[in-house]
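Listed here are the chains, written in short residue letters.
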Amino acid sequence: MTSSHYPIRITLACLALSAIAFPSSLLAQPLPGRAAVSHFLPAGMKRPAHEAPVEPEPPKDSVPGSLRPPLLLASKEQPSEVLSQSQRAVREADRHYHSGKFFLQEGKPAEARREFDMAVNVLLDVPEQAPDRSLAEKKLEEIIRLIHRYDIDSLGAGVSPESPVFVHSPLPEILDLTFPIDPQLKGKALASLAAASSTLPLTVNDAVLSYINFFTSPRGKRVIEYGMKRSGKYREMISRVLDEEGIPQELIHLAQAESGFSPRAVSYMAAAGMWQFVRSRGAEYGLGVTKLADDRLDPEKATRAAARHLRDLYAQMGDWYLAMAAYNCGPYCVERAVQRTGYADFWELRARRALPRDTMNYVPAILAMAIVCKNPEAYGIDLSSQDTPQNYDTIRLSAPTSIALLADAADAPASELRELNPAILKSSAPAGYEVHVPKGRGNSILAALESVPAERRVAWRLHRVAEGDTLPLIARRYSAAPAAIVSANSRLDAAFFETLSSGEMLIIPAVLREPPAPVRRAAAARASSRASSQKASTARLATVSHNRRPAGR
């Protein structure tokens, strides 16, 4: 503790002693020749505006000031602390940040956004040559993360608590590590680029080479191979959408980094889907979120939204690298970095540490993925095994419809319909929703659905008669009364039900049964446990990564 704290501690101690020594009734009375005790406050405490300070009479002896006992009850200013520009900026940023939190609690998001912006601005304005600028940089990263969390929790970007918890995004693991540079990789990388065409400029420098070194290590190869294997389902669709929106094909690797091509990836920042949209940004591009469906999890809808977002970012930034950086940290963050430094160039901004650490690593990681995947054999990466492409028809539902009924109409397992429609969160899809169904069966499925009354499509089922089926057997399977099945299929005569013909489709008036409350609670507990395990795993990974390098993320 520094010596400047002792007067305050002595003042407080003496005030405590006076409270013990004198009754409160006496303390409430003014001392003779003095102002009321309540007028004398320790340093740092404000006195009421209506009360004027009363200065003590100066001592009349000749004792030097440095040897006089302190005036314990007198208001006394402490010597002001000398702060550097970075320290002042950090304090000012904290003040604006806490003001923003206050405005959020008051239900004033516009004012909160203004204060948050000012908190970021004051840190960005610290001169590059400031000797302790690292303090401002560290605070900037902290402030950006905190503001982003408030965006999620309080400004409408949060993921619904009923949304399922799925695989975590691989991005934190990739960006939280540092890797050595293998000088031998540069020639190989340049040779790979010379032998392949590219619509995106692919730079080879030390930052990119360090990530190439990672993606050619055993651990990095698994990241590439696993993601590219999954990409087989969606690569044709993504390539088509990127081409239609005028986006370089190499930017498919944003989905590789963001989610490993998993349509149900959810990050600890509540970004969801293959392209990792938060709710507010997804809403800007038509990705709706309800209790029944989350369009961010739909591979094609999310890809279309990501392509249009990237196109808008490129139009705003004028450079694909800056557009990629803005996809990661937001366009405002990149624009402020450009304004502060005067450089509209990603590598200059990176060299000047004008961007968040994750963003500075994000672009080199994407470029490294693109370079490695141009010629995977040269790096010992096997991409021969890829999932079968998903081909489907898309139909629009005219009424709320259960996945089970769709599966019945498609003559396909319900798991296949769920895999084709990862955005559907519940057991049924709402009216007007566009559902993906097996390729070539769209018209027949619509016809089958039309045979079921619109108001019954959440509960009722369809059953295709198989060899050996009988009416009692079918009724028992769906817990329906045989007479009700006969009544629902009035188009068929009574003789049909005596000897069922294979291949005929029957309407089953089943009853929708919700799982009992204990089962639902158990399912919720399991989901919560999975979420906690995922967060703990991410935290452990971050701790391990932090300990591997001198500077924390």
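Note that this is a predicted model, so its numbers are computed, not measured. (Residues numbered from 1 in each chain as written. Predicted model: local features only at pLDDT ≥ 70, side-chain atom pairs only at ≥ 80, totals over all residues. Heavy atoms only, no water.)

A. Here's a closer look at the environment of P376. Checked against the element boundaries, P376 lands in the loop between α17 (357-374) and β1 (392-396). Exposure remark for P376: the relative accessible area of 9% places this residue in the buried category. In the structure, P376 is positioned 151 residues away from E225 in sequence and 9.8 Å away in space, judged by C-alpha atoms. Once residues within four sequence positions are removed from consideration, P376 is found in contact with I381 and L383. (Helix = DSSP H or I, 4+ residues; strand = E, 2+ residues; numbered from the N terminus. Buried < 20%, exposed > 50% of the residue type's maximum accessible area, 1.4 Å probe, protein only. Contact = heavy atoms within 4.5 Å.)

B. View of the pattern of salt bridges. Taken as a whole, this structure holds 28 salt bridges when the rule is applied. For the salt bridge of E137 with R133, the shortest nitrogen-to-oxygen distance reads 2.5 Å. Pair noted here: E137 and R133 are both in helix α5 (residues 133-154), with a separation of four residues, about one helical turn. Exposure class is identical for E137 and R133. Each is buried. (Salt bridge = Lys/Arg side-chain N within 4 Å of Asp/Glu carboxyl O.)

C. Highlighting helix α18 (residues 403-410). Of all the eight residues making up α18, seven are buried; the element is thus mostly covered by neighbouring parts of the structure. The complete set of buried residues in α18 reads I403, L405, L406, A407, D408, A409 and A410. Following α18 by one or two positions, D411 adopts a phi angle in the positive range, close to 55°.

D. Looking closely at unusual backbone geometry. Positive phi is not limited to glycine here, since F261 has a value of about 60°. With respect to the helices, strands and loops of the structure, F261 is situated in the loop between α11 (253-259) and α12 (279-284). Despite not being glycine, D411 has its phi angle at roughly 55°, a positive value. As for its position among the elements, D411 is in the loop between α18 and α19 (414-420).

E. Just the packing of aromatic side chains, in detail. On inspection of all chains with the given rule, the structure shows eight aromatic pairs. Geometrically, the ring pair formed by F277 and Y327 is edge-to-face, given 6.5 Å between the ring centres and 70° between the ring planes. Here Y327 lies in helix α14 (residues 320-329) and F277 lies in the loop between α11 and α12, a separation of 50 residues in the sequence. Each ring, one from F496 and one from F497, has its centre 5.3 Å from the other, and the planes form 85°; the classification is edge-to-face. Both residues of the pair, F496 and F497, count as buried. An aromatic cluster is defined as three or more aromatic residues linked by ring pairs; in this entry it consists of Y211, F214 and F215. The ring centre of Y433 lies 4.5 Å from the NZ or CZ of K301, which sits over that ring. (Phe/Tyr/Trp six-rings, centres within 6.5 Å; stacked < 30°, edge-to-face > 60°. Lys NZ or Arg CZ within 6 Å of the ring centre and 35° of its normal.)

F. Structural view of the state of the cysteines. Per the stated rule, a full pass over the model turns up zero disulfides. Looking at C329, it has no disulfide partner, and the nearest cysteine sulfur is the one in C333, 3.7 Å off. Accessibility expressed as a relative area gives 21% for C329, which makes it partly exposed. (Disulfide = S-S within 2.5 Å.)

G. Structural context of helix α13 (residues 299-317). A rise of 1.5 Å per residue sets the reference length of α13, with its 19 residues, at 27 Å; its end C-alpha atoms lie 26 Å apart and thus fit the reference within 8%. Residues P299, A302, T303, A305, A306, A307, H309, L310, L313 and M317 constitute the buried set of α13. On its buried face, α13 is in contact with α10 (235-244), α11, α12, α14 and α15 (331-341). In this structure D298 caps α13, since a side-chain oxygen of it lies 3.1 Å from the backbone nitrogen of E300. Of the residues flanking the end of α13, it is G318, one or two places downstream, whose phi is positive at about 75°. (Expected span 1.5 Å × (residues − 1). Polar contact = N/O pair within 3.5 Å; in protein donor to acceptor, adjacent residues only side chain to side chain.)

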